[in-house]
Each structure stands twice: as structure tokens, then as C-alpha cells.
Amino acid sequence: MEGIKKLDQVHKILDFHVKNNPDNVSVSVDSVSYTNSDIFSKVLSLVGLLKENKLTSGDRIAYLAKNSSEFIELMYASSILGLVMVPINFRLAYEEVKFIIQDSGSKIIIFGEEFKELVEKVNFDKTDLQLSLGISELGELLKTTSPVAFDVLSSTNKATKTPLFQMYTSGTTGNPKGALISQKGIMSLITNGMNNLGPFDPNAVNLVCMPLFHIAGSAWLFFGLASGCKNILLVDINPEKILDIIENYNVATTLMVPAVIQMVVVAAEKNSKVLKNVKNIVFGASPMAVDTLKRAQKIFPNSNFTHVYGMTETTGMFMSLDPSELKANRRLESCGKCFSNSEIKIVDAYNNEVPTKTIGEIICRTDQIMDGYFNREKANNEAMKDGWFYTGDAGYLDEEGYLFIRDRIKDLIITGGENVYPVEVENALMLQRSIIDCAVIGVSDPKWGEAVLALVIVNDNIFSEIEVRSSLRSQLAGFKIPKTFHIVDSLPRNAGGKITKHVLREKYAYLGK
């Protein structure tokens, strides 16, 4: 692994493994396996195709598909050519997808066949798209495309400062922002994170079950590819299938958000399964109930459970809790300590560092911090100051420097590992004629961690929850649509006219489960 740690670009990971382990299986999808040589051959053909279409360094390529080997191939090809890959959350509604394509200025979109109708609709709108390719059509084109000589390209492309990914994360204004993820950030994550997670070695089997458009899924894939593991990509999250793969393929490592762990635990308990082969399960992205953790430890008795903390803007996790803490039932709610390339501070509203066990905003400094939000100068100035990234999360450090997250300074709701900003949902609700006023908050949910609750003041004569839900489906992704609508007579506001969300969270906590 020392050779990998010296690399400065993601595509050089592929080059390293092709030279050292050409016949090792790199990835398996739906029982179809691809060796390092297979991936290498397809990447070179893809590079040829992209060059034929006159793409140059800095151009954007959108990717709208479920987990597939094509994600990996496009990532490596983009790294070779200095292109920027724009993975799109396939759960988003049409308007949301269109916004990302327009905002990013993507010139090509590669999509899964199930999204063909949506992409055709986008093509009728004003965008910079020059080419739309379904994955099956792309495969046919690559069969007739001449591969490009890799050594020539690797010697001429020095675009290590060009972002490799533009990953969209929702903003408090309702419009998502494109976080620019750099080659340096990814390689730093790999180098520093691999020592804390795993085991990662060429003989291990790594399960990638989270969606790759999400930094949790793609960051976990980076580790597996760099280490030379056999990486099994799960196309859709299915708890029974996750259990089957773990059992039948001798999976050693995986990452799951708590909502998926909860589903897997329920499925395992239902079928009386105990799986002893797993060595480490990494979790993060949202809180996990202690009860769920203890039940999971019974299903996977030989596994470490490693809690990580990070976000899109930090290229995923930059800190983790030593599994020994969880095994000893200590610090069950802690995110642990930083990787060696990172540091954090807890500050107050005036940017002063606060004492131990005092809640404040979590800020971090790490090589993994994004290059900024694409074309968002104001947001960049607010989020990054003097080399520190302001997370918007609130927490505290204990006497030994372990981090505990206690609240969210922003009103972010995390449901099933997905971020939902209330203002985006509120804006959509206020377009309904039957809704006079509203507030959206998160309430506890045993399956998803949090659920979206809409508190609405309505026009009784015309309000219909069924009609509102139907309308929202064209504006919002399914996970953003409120799980519950609760009609109220009034909403509390402060002297500045802003709704006091903390009052609502306390008052309506009973509506959670």
C-alpha cells in the first residue's frame, strides 16, 4: 500500500493495479466480475470516445444512474483527461435534476436506462448538454472506439488542481450547491483514512452498498479500489440481498448509514441470521440509536463497528471512533478523533474556541476540504475562513478530545442518510393554494433516524393532503416529502419574525416515534 500512498491522481491507482495485479477482480456487479485489466481496457476506450467529442480539461460530465461499473470507468477517464464528473442523486425530481445539469454546465450526461424519459425531457430544456448516452448505448460505442495510449496521456495531463467531482449538496436557500472535490482531497482521504478503517488488503472482499452519488458511497469505493480489494457493488439497497452477499461472498468490510443497518438488523433477526465473517462495519452520515447498535453487534459478533464523521465538503469522513470504545460500551455516541491529516475546534458565535464539554460550532482544517462551491462566492466566504471549514454542526469535545455531536446549527434534517433542508420543502409547500403558512422540522424515527414533519396552517375549505402530496412529487425527491402533515392554528415567531424551530421541535417531539 505504500506505493498507492505516493500517488497524486486517482487514475494512477488503476495504473498501479494493472501493472501489479492485472488479473485480480476489481469490481463485481450483479455477479459479473471485472478484473483490473478489464476496467483498464474500457477506460482507455472511454477516454478515446470523450476526446472524439472534443471535451477538454475542466468540462463537466453528468452521471445519472444507480451503482454500476461505469461510474468507476468514468471516474478514471475523467481523472486522465482532467474532466469533472457530476454524479446526480437518482432520487431527485425532474426540476432538481435539471437545475444541477444547468448549474454545472454539463456537456455530456451518461444515464441508466430507467432514467431515459427524464433525460429526454431535460434535453427539451435549455442546457449545455451536447450528448446524452444511456449506459447500454455507451457500451456499444466503446466496442467500436479505439483506445488511447495511457502512458502518453498520463505524461501530458498535469491537472491535479482540477476538481475530479462536483457533488451537489442541498443549501439553506433551497438550491443545491456543487462541492468541488479535488484529486488532492481524495488521495489524502485514502492515505489517512485507510489506516483507521478496513481491513483493506487485496485478499479482502469489500461491499459497497451505499449509492455512489453520495460521498459515503463513493468514499468507501475509493478505499476499496486503492487497496486492490474485490469490490462488490450493490445496485439497489436491499437488506435481504446485503445479508446474502455478506454470507455468500465472505465480505470483510462494508459501510452503511444507520437507517440501512436498522433494516439489515430487522431482516437478520427475522431470519435468525448470525454472520461471523464480517471484520468491520463503518457507519455515519446520521445518528444511530444505541439499541440498534447493540442489536447489530449480536448479528455481526466478530465485527468492529466504526463510527465516522464527515460530509461532502470534507470528501467524506475525516475522523473516526476507535472500535474498542464501542466494544467497551464507552462513548457510544462519539464520532471519535481526527485522522492524522485533520484537526477540529469548537467555537462560539464570535469564533472563540470554547472550553471542554461546551457546545459550539464544529470547524475543521484538513487536506480533504473541498476547493469550494461551484460559482457560489457568498457561500464560500461563509463556509471557509482562514483555512477552516465551518460545518454548521454543533457539538463538544470531552476531556480526552473525543467529539460528540449534539445538535445541528442549521435546521438540517437527516433522514436515512439523506440531507433535507426544511426551507426547500417549505418553499414547495407554500406554492400550494391550500396552505397558508408552514414550518418543516425533523422528528425522531426508529427506521430513518429522523422523519420530515410539516406543520401547516391551511385553508380548511380546499386543503387535501392527498392532492398536496401528489403535487410535491413533481417538485421534490421522495425522501424530502413530509412523512406527516400536522395541522396547526399558529406558528411561533421571534421578534424578527422568524419561526422559532427549537420551540416546535420540543412541542411536537411526541409526533416522532
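Please refer to the structure placed before this passage.
Residues numbered from 1 in each chain as written. Predicted model: local features only at pLDDT ≥ 70, side-chain atom pairs only at ≥ 80, totals over all residues. Heavy atoms only, no water.

A. Structural view of the overall build of the chain. Of regular secondary structure, the chain possesses 18 helices and 25 strands. In terms of C-alpha radius of gyration, the chain reaches 23 Å, essentially the compact-globule figure of 24 Å for 513 residues. With respect to the three principal axes, the spread of C-alpha positions in the chain is 70 × 55 × 50 Å. In the chain, which comprises 513 residues, the proportion classed as buried is 59%. (Helix = DSSP H or I, 4+ residues; strand = E, 2+ residues; numbered from the N terminus. Rg over C-alpha atoms; globule rule 2.2 N^0.38 Å. Buried < 20%, exposed > 50% of the residue type's maximum accessible area, 1.4 Å probe, protein only.)

B. Local environment of the side chain of E313. If you trace the backbone, E313 turns up in the loop between β13 (304-311) and β14 (316-320). Here E313 occupies a buried position and makes no salt bridge, while the nearest side chain of opposite charge, K177, is found at 5.7 Å. The contact partners of E313, leaving out residues within four places of it in the chain, are T169, Q368, I369, M370, Y373 and F389. (Lys, Arg positive; Asp, Glu negative; His and termini not counted. Salt bridge = Lys/Arg side-chain N within 4 Å of Asp/Glu carboxyl O. Contact = heavy atoms within 4.5 Å.)

C. Up close: the packing of aromatic side chains. Applying the stated criterion to the full structure yields 11 aromatic pairs. Ring centres of Y508 and Y510 lie 6.4 Å apart, and the angle between their planes is 35°; on these two criteria the pair is classed as tilted. One aromatic cluster in this structure is built from Y63, F71, F165 and F222. Over the aromatic face of Y373 sits the side chain of K177, whose NZ or CZ is 4.8 Å from the ring centroid. K345 extends its terminal NZ or CZ atom over the ring of W388, reaching a point 4.6 Å from the ring centre. (Phe/Tyr/Trp six-rings, centres within 6.5 Å; stacked < 30°, edge-to-face > 60°. Lys NZ or Arg CZ within 6 Å of the ring centre and 35° of its normal.)

D. Molecular detail of unusual backbone geometry. Although it is not a glycine, S272 adopts a positive phi angle of roughly 55°. Relative to the helices and strands, S272 resides in the loop between α12 (258-270) and β12 (280-283). For K357, which is not glycine, the phi torsion reads 65° and is therefore positive. For K357, the position within the fold is in the loop between β16 (342-347) and β17 (360-366).

E. Representation of the environment of T366 in the model. Within the secondary structure, T366 is located in strand β17. Residue T366 is classed as buried on the basis of its relative accessible area of 10%. Separated by 28 residues in the primary sequence, T366 and C338 have C-alpha atoms spaced 9.4 Å apart. Setting aside chain neighbours within four positions, we find T366 in contact with N341 and S342. A polar contact is formed between the side chain of T366 and the side chain of S342, at a distance of 2.8 Å. (Polar contact = N/O pair within 3.5 Å; in protein donor to acceptor, adjacent residues only side chain to side chain.)

F. Broad picture of the pairing of strand β2 (residues 32-35). Bridging between strand β1 (residues 25-29) and β2 involves 4 bridges; their strand directions are antiparallel. Looking across to β2, one finds that V27 is bridged to Y34. In this structure, the hairpin formed by β1 and β2 is closed by a connection of 2 residues, where D30 is found at a positive phi of approximately 50°. (Pairing = 2+ DSSP bridges.)

G. Just the environment of G310, in detail. Along the chain, G310 turns up in strand β13. By relative accessible area, G310 is classed as partly exposed at 28%. Taking the C-alpha atoms as reference, G310 lies 22 Å from K161; in sequence the two are 149 residues apart. Not counting chain neighbours up to four residues away, the residues in contact with G310 comprise G316, M317 and F318.

H. Region of the structure containing the sheet that holds strand β23 (residues 435-445). Across the sheet, 3 strands lie side by side as β23-β24-β25; this open sheet has mixed pairing. Taken across any chain shown, the strands that pair with only one partner, and hence form the sheet edges, are β23 and β25 (484-487). Taken pair by pair, the neighbouring strands of this sheet meet at an average axis angle of 30°, ignoring direction. Looking at chain direction, β23 and strand β24 (residues 449-458) are connected through 10 bridges and run antiparallel. Its bridge partner being in β24, A439 is matched across the sheet by L455. Against the sheet, helix α16 (residues 422-429) engages β23, β24 and β25, with an angle of about 145° to β23. Strand contacts of helix α17 (residues 465-472): β23 and β25, with the helix running at about 135° to β25, the strand carrying the most contacts. (Axes fitted to C-alpha atoms, helices over the stretch in contact; angles between N-to-C directions.)

I. Quick peek at the nonpolar core. Judged by nonpolar contacts, the single largest core of 122 residues is most densely connected at L50, Y76, F165 and F300. Looking at this core element by element, the count peaks at 9 residues for helix α10 (residues 215-227). Those residues in contact with L50 that sit more than four places away from it in its chain are L55, I61, L74, A77, L81, L83 and I108. One finds V119, V425, V440 and F479 within the second-largest nonpolar core, a separate group that totals 40 residues. (Core = buried A, V, L, I, M, F, W, Y, C linked by side-chain atoms within 4.5 Å.)

J. Structural detail: the environment of D398. On the secondary structure map, D398 appears in the loop between β19 (388-397) and β20 (403-408). Separated by 43 residues in sequence, D398 and P355 place their C-alpha atoms 9.4 Å apart. When sequence neighbours within four positions are dropped, the list of residues in contact with D398 reads R331, T356, K357 and F404. A distance of 3.0 Å separates polar atoms of two side chains, one belonging to D398 and the other to R331. Among the polar contacts made by the side chain of D398, one reaches the main-chain amide nitrogen of Y402 at a distance of 2.9 Å.

K. Structural context of the pattern of salt bridges. Here the structure, examined in full by the defined rule, presents 23 salt bridges. Between E73 and K42 there is a salt bridge, with its nearest N and O atoms 3.0 Å apart. One end of the pair, E73, is in helix α4 (residues 69-81); the other, K42, is in helix α3 (residues 36-52), and 31 residues separate them in sequence. Using a relative accessible area of 2% as the deciding quantity, one classes E73 as buried. In this structure, E426 and K501 form a salt bridge, with 3.0 Å as the shortest nitrogen-oxygen distance. With E426 in helix α16 and K501 in helix α18 (residues 501-507), this residue pair connects regions lying 75 residues apart in the sequence. The same class applies to E426 as to K501, namely buried. Here the salt bridges share partners, and the residues they tie into one network are E325, R331, D398 and E400.

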